[in-house]
Amino acid sequence: GTAAGLKAPQRHGGGGGEQRPGRPRGRSPMSCLCCYLLHSQVPRSTRTYVGFTTDPPRRLRQHNGEIGAGAYRTRKGRPWAMLLFVHGFPNKVVALQFEWQWQHPQSTRHLRAHRPKRSRGLAHQLRTLS
């Protein structure tokens, strides 16, 4: 259940999102507080990356080097695909806490029952999220 009547975050697959007429320039129609999972599209790669953004399509372009300010950790492994994102957080602090917990499942008390070994890759990230 959720505490204090807050809605639980929602998961969605894929990024994408086209600009629509009538929207302010530079703002995505998908603007929200989101944590996301990237997977490298390099053949046979197991690289994944978990991050936070308010604009998923723009952040994916940054990670892929199309525009500036991508994360240093994602330079290797380009191109990246956004497999899913989680949104619906009540504020930025809660979203960043969720991001940290997703990045560090072995260290967070909220996932103590799962206590996975320090493994990596897509299957581990998805198992942690479920």
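A. Spotlight on the overall build of the protein. Looking only at helices and strands, one finds 3 helices and 4 strands in the protein. From first element to last, N terminus to C terminus, the protein shows the α and β order β-β-β-α-β-α-α. Burial analysis of the protein (130 residues in total) assigns 35% to the buried set. Put simply, of all contacts in the protein between residues at least 6 apart along the chain, 56% involve residues at least 24 apart. A total accessible area of about 8500 Å² is found for the protein, and carbon and sulfur atoms account for 50% of it.

B. Representation of the environment of Ala71 in the model. Within the element layout of this structure, Ala71 appears in the loop between α1 (56–63) and β4 (80–87). A relative accessible area of 12% means that Ala71 is categorised as buried.

C. Region of the structure containing the packing of aromatic side chains. Here the structure, examined in full by the defined rule, presents 3 aromatic pairs. Consider the rings of Tyr36 and Tyr49, whose centres lie 6.4 Å apart with planes at 40°: the pair is tilted. Taken together, the residues Tyr36 in strand β2 (residues 34–40) and Tyr49 in strand β3 (residues 48–53) connect sequence positions 13 residues apart. Note on Tyr36: relative accessible area 1%, which makes it buried. For the ring pair Phe89 and Phe98, a centre distance of 5.4 Å and an interplane angle of 50° mean the geometry is tilted.

D. Expanded view of helix α2 (residues 92–103). For α2, which comprises 12 residues, the first-to-last C-alpha distance of 16 Å matches the rise-based estimate of 16 Å (1.5 Å per residue) to within 8%. Sitting at the amino-terminal end of α2 is Asn91, which places a side-chain oxygen 3.1 Å from the backbone nitrogen of Val93.

E. Representation of the environment of Gly88 within the structure. Among the structural elements, Gly88 can be located in the loop between β4 and α2. Sequence separation between Gly88 and Leu33 is 55 residues; the distance between their C-alpha atoms is 6.9 Å.

F. Just α1, in detail. For α1, the buried fraction is high: 6 of the 8 residues fall into the buried class. Listed in full, the buried residues belonging to α1 are Pro56, Pro57, Arg59, Leu60, Gln62 and His63. In this structure, the buried side of α1 is in contact with β2, β3 and β4. Just downstream of α1, Gly65 is the residue with a positive phi angle, here 80°.

About the criteria used
Residues numbered from 1 in each chain as written. Predicted model: local features only at pLDDT ≥ 70, side-chain atom pairs only at ≥ 80, totals over all residues. Heavy atoms only, no water. Helix = DSSP H or I, 4+ residues; strand = E, 2+ residues; numbered from the N terminus. Buried < 20%, exposed > 50% of the residue type's maximum accessible area, 1.4 Å probe, protein only. Contact = heavy atoms within 4.5 Å. Areas by Shrake-Rupley, 256 points an atom, 1.4 Å probe, with all protein chains shown as cover. Phe/Tyr/Trp six-rings, centres within 6.5 Å; stacked < 30°, edge-to-face > 60°. Expected span 1.5 Å × (residues − 1). Polar contact = N/O pair within 3.5 Å; in protein donor to acceptor, adjacent residues only side chain to side chain.

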